[in-house]
Amino acid sequence: MAKPRIVLTRSGPRQVRQSAEVLKDVAARASRIAAAAGPGMEASSQQGQTRARASVITATYEARRAEAQGRALTRAIDSGR
Amino acid sequence: MNPVIVFPDVESVAVGWLTDVLPGYGITVPVSTRVPNPRPSRFVRLVRTGGPRQNLVVDGAQLTVESWDDDPVSAASTAGVVRGVLLAANNVTFPSGEVIYQVREFSGPALLPDVSQQPRYTWTVQVHLRGVSL
């Protein structure tokens, strides 16, 4: 019986990481985290050089205060899982 | 019915671990889950900030650690030792039965003074603890 031969397409994983579907997924996760963290949290997403990425920032003084005092953003990370 | 699994209180386990071990590394600061009252100039605070179960018997508790001091250098120094001690807690079994399988760093230490402007270094780890069947 012939041995199976596996050929890895090195560009394949990068194509997946940069796909519109992955960008949509990470953007949705960031939005859920921002929503759970409360007012003043701002989600954004972008296509990076090697992968799609998203982030959530404390965009207002109240949001920064909520994170510094009560960990509002840190506690909301699970919403993005 | 499936087995009912409960997990140890990660805050109690971590506070106990740090309270026992830190003095051996020259760090004698109060370690608790609340800001002590009266408030000392140096202290370490731990708070669970989430973290889902990893599988049937392993919890993935997300633990945020804060190291407070009068100046940023001292806060960073204490944070460095606390960080090292926590990350050394892999495969530790406590006399009371709790088991820590692994401590993973979620985010590294960052200087984040609170509204009082007292220097505070903070970071977050994920602690994998074994649960027990009721």
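Quick note: structure is the one above.
Residues numbered from 1 in each chain as written. Chains lettered and ligands numbered in written order. Predicted model: local features only at pLDDT ≥ 70, side-chain atom pairs only at ≥ 80, totals over all residues. Heavy atoms only, no water.

Chemist: I'm lost on the overall build of chain B in this one. Help?
Modeler: Counting secondary structure elements, chain B contains two helices and nine strands. Seen in sequence order, chain B has helices and strands lined up from the N terminus as β-α-β-β-β-β-α-β-β-β-β. Taking 2.2 N^0.38 as the reference for a compact globule, 134 residues should give roughly 14 Å; the C-alpha atoms of chain B span a radius of gyration of 15 Å, in line with that estimate. Looking at chain B as a whole, 44% of its 134 residues are labelled buried. Counting contacts in chain B only where the partners sit at least 6 residues apart, residues at least 24 apart contribute 58% of the total. For chain B, the computed accessible surface area is about 6600 Å², with 54% contributed by carbon and sulfur atoms. (Helix = DSSP H or I, 4+ residues; strand = E, 2+ residues; numbered from the N terminus. Rg over C-alpha atoms; globule rule 2.2 N^0.38 Å. Buried < 20%, exposed > 50% of the residue type's maximum accessible area, 1.4 Å probe, protein only. Contact = heavy atoms within 4.5 Å. Areas by Shrake-Rupley, 256 points an atom, 1.4 Å probe, with all protein chains shown as cover.)

Chemist: Would you mind going over the pairing of strand S8 (residues 120–130) of chain B with me for this structure?
Modeler: One face of the sheet, then the other: side chains in a regular strand alternate in exactly this way. All names here are of chain B. Where burial is concerned, most of S8 is hidden: 10 out of the 11 residues are buried. Alignment of strand S5 (residues 58–68) against S8, held across 11 bridges, turns out to be antiparallel. Among the inter-strand pairings, Val65 is bridged to a residue of S8, identified as Trp123. The sheet contact formed by strand S7 (residues 99–111) and S8 spans eight bridges and is antiparallel. (Pairing = 2+ DSSP bridges.)

Chemist: It is not clear to me how the packing of aromatic side chains should be interpreted in this structure. Could you clarify?
Modeler: Residues and elements named next belong to chain B. By the definition in use, this model includes two aromatic pairs over all chains. Between the aromatic rings of Trp17 and Phe94, the centroid separation amounts to 5.7 Å while the plane-to-plane angle is 90°, which identifies the pairing as edge-to-face. With a gap of 77 residues between them, Trp17 in helix H1 (residues 10–21) and Phe94 in the loop between strand S6 (92–93) and S7 connect regions that are remote in the sequence. With a centroid separation of 5.1 Å and 15° between ring planes, the pair formed by Phe43 and Trp68 is classed as stacked. Of this pair, Phe43 sits in strand S3 (residues 43–50) while Trp68 is found in strand S5, placing the two residues 25 residues apart along the sequence. Given a relative accessible area of 1%, Phe43 falls into the buried group. A cation over an aromatic ring shows up here: Arg39 above the ring of Trp68, its NZ or CZ 4.9 Å from the ring centre. (Phe/Tyr/Trp six-rings, centres within 6.5 Å; stacked < 30°, edge-to-face > 60°. Lys NZ or Arg CZ within 6 Å of the ring centre and 35° of its normal.)

Chemist: What's the story with the pattern of salt bridges in this structure? I'm lost.
Modeler: Two side chains carrying opposite charge are able to pair once their charged atoms lie near each other. Scanning the model with the defined rule gives nine salt bridges over all chains in all. The shortest N-O distance in the salt bridge between Glu66 of chain B and Arg71 of chain A comes to 2.9 Å. You can see Glu66 of chain B sitting in strand S5 and its partner Arg71 of chain A sitting in the loop between helix H3 (61–70) and helix H4 (72–75), one on each of two chains. Exposure remark for Glu66 of chain B: the relative accessible area of 1% places this residue in the buried category. With a shortest N-O distance of 2.5 Å, Arg81 of chain A and Asp78 of chain A are connected by a salt bridge. Judged by relative accessible area, which is 26%, Asp78 of chain A ranks as partly exposed. Ionic contacts of the salt-bridge type, sharing partners, join the residues Glu67 and Arg71 of chain A together with Arg45, Glu66 and Arg120 of chain B into one network. (Salt bridge = Lys/Arg side-chain N within 4 Å of Asp/Glu carboxyl O.)

Chemist: Sorry if this is basic, but what is going on with helix H2 (residues 20–37) of chain A here?
Modeler: In an α-helix, one full turn covers 3.6 residues, which means residues spaced three or four apart are oriented alike. Residues and elements named next belong to chain A. The end-to-end C-alpha distance of H2 is 26 Å, a good match for the 26 Å that 18 residues give at a rise of 1.5 Å each. Along H2, the residues that are buried comprise Val26, Ala27, Ala30, Ile33, Ala34 and Ala37. Considered in projection along H2, the buried side chains sweep an arc of 120° and stay on one side of the axis. Of the exposed residues in H2, the ones pointing more than 90 degrees away from its buried face are Ala20, Glu21, Lys24 and Ala35. If you follow the buried residues of H2, they end up packed against strand S1 (41–47), strand S2 (52–58) and H4. Following H2 by one or two positions, Gly38 adopts a phi angle in the positive range, close to 115°. (Expected span 1.5 Å × (residues − 1). Arc of directions from axis to C-beta.)

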